[in-house]
Amino acid sequence: MVVGVHLALVDDGTVLLGRRRNTRYAAGLWHLPAGHMEQGEPITRSMTREAEEELGITIAEEDLELVHTLHHLDADDGRSRLQLFFHPVRYEGRVRNAEPHKCEELRRWPLGRLPDDIVPYTAHALAEIACGSWLSTVGWPA
């Protein structure tokens, strides 16, 4: 099973999204700062590493709150994916686009007015987070 980690920087009813570019998955679509857990790496370290690589910010592992878990069946490749969504209690540094070769731009969007061209499971998870849901599934047959 693939494990994805996502940083939900939600503040004052808005969320930070990046427009992906030069990527195999979802190029041109808006998505949360995210990545995959690497072998031998704890989930919390995966998230702090991705935050450092993509946004240039430092988050202590103990400052991460798990805000949503999504069990996602990917229609493109048929793989089962566990998508974990974290919110930092605090972080150090100024958020910036630290990977411009993979991210065209960063922008804050109102949670109630997300862009149409967003990764579908990201929109699903953000709606679940907005209503306080901790767990959901998407892509699985009914």
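Residues numbered from 1 in each chain as written. Predicted model: local features only at pLDDT ≥ 70, side-chain atom pairs only at ≥ 80, totals over all residues. Heavy atoms only, no water.

**Student:** Help me understand the sheet that holds strand β7 (residues 80–88), please; the structure alone is not making it clear to me.
**Tutor:** Paired through backbone hydrogen bonds, the strands of a sheet run either parallel or antiparallel to each other. Spatially, 5 strands are ordered β5-β1-β7-β6-β9 in an open sheet, and the strand pairing comes out mixed. Two strands close off the open sheet at either side, each with one partner strand: β5 (34–36) and β9 (135–138). The average angle at which neighbouring strand axes cross in this sheet is 25 degrees, direction not considered. As paired elements, strand β6 (residues 64–73) and β7 share 9 bridges and run antiparallel to each other. The partner of Leu64 across the bridge, within β7, is Pro88. Contacts from helix α2 (residues 120–130) reach β1 (2–7), β6, β7 and β9, with the element oriented near 135 degrees to β6. (Pairing = 2+ DSSP bridges. Helix = DSSP H or I, 4+ residues; strand = E, 2+ residues; numbered from the N terminus. Axes fitted to C-alpha atoms, helices over the stretch in contact; angles between N-to-C directions. Contact = heavy atoms within 4.5 Å.)

**Student:** What exactly am I supposed to notice about the environment of Leu111 here?
**Tutor:** Mapped onto the elements of the fold, Leu111 is located in the loop between β8 (103–110) and α2. In this structure the C-alpha to C-alpha distance between Leu111 and Asp11, which are 100 residues apart in sequence, comes to 9.6 Å. Residues within four places of Leu111 in sequence aside, it is in contact with Val10, Gly13, Thr14, Val15 and Leu126.

**Student:** It is not clear to me how helix α1 (residues 43–55) should be interpreted in this structure. Could you clarify?
**Tutor:** Turn by turn, an α-helix covers 3.6 residues, leaving residues three or four places apart pointing in a common direction. Taking 1.5 Å as the rise per residue, α1 with 13 residues should run 18 Å; its terminal C-alpha atoms sit 18 Å apart, in good agreement. The inward-facing, buried residues of α1 contact β1, β3 (14–20), β5, β6, β7 and β8. Of the residues flanking the end of α1, it is Gly56, one or two places downstream, whose phi is positive at about 70 degrees. (Expected span 1.5 Å × (residues − 1).)

**Student:** How do you make sense of the nonpolar core when you look at a structure like this?
**Tutor:** Across soluble globular proteins, nonpolar side chains show a tendency to be buried alongside one another. Leu17, Leu32, Phe85, Leu126 and Ile129 are the most contacted members of the largest nonpolar core, which totals 16 residues. Taken together, the elements giving at least two residues each to this core come down to β3, β6 and α2. Here this core gets 4 residues from one element, more than from any other, and that element is α2. Setting aside residues up to four positions removed in sequence, Leu17 forms contacts with Trp30, His31, Leu32, Glu105, Leu106, Arg107, Trp109, Leu114, Pro115, Ile118 and Leu126. By size, the runner-up hydrophobic cluster in this structure holds 13 residues, among which are Val3, Leu9, Ala51 and Ile59. (Core = buried A, V, L, I, M, F, W, Y, C linked by side-chain atoms within 4.5 Å. Buried < 20%, exposed > 50% of the residue type's maximum accessible area, 1.4 Å probe, protein only.)

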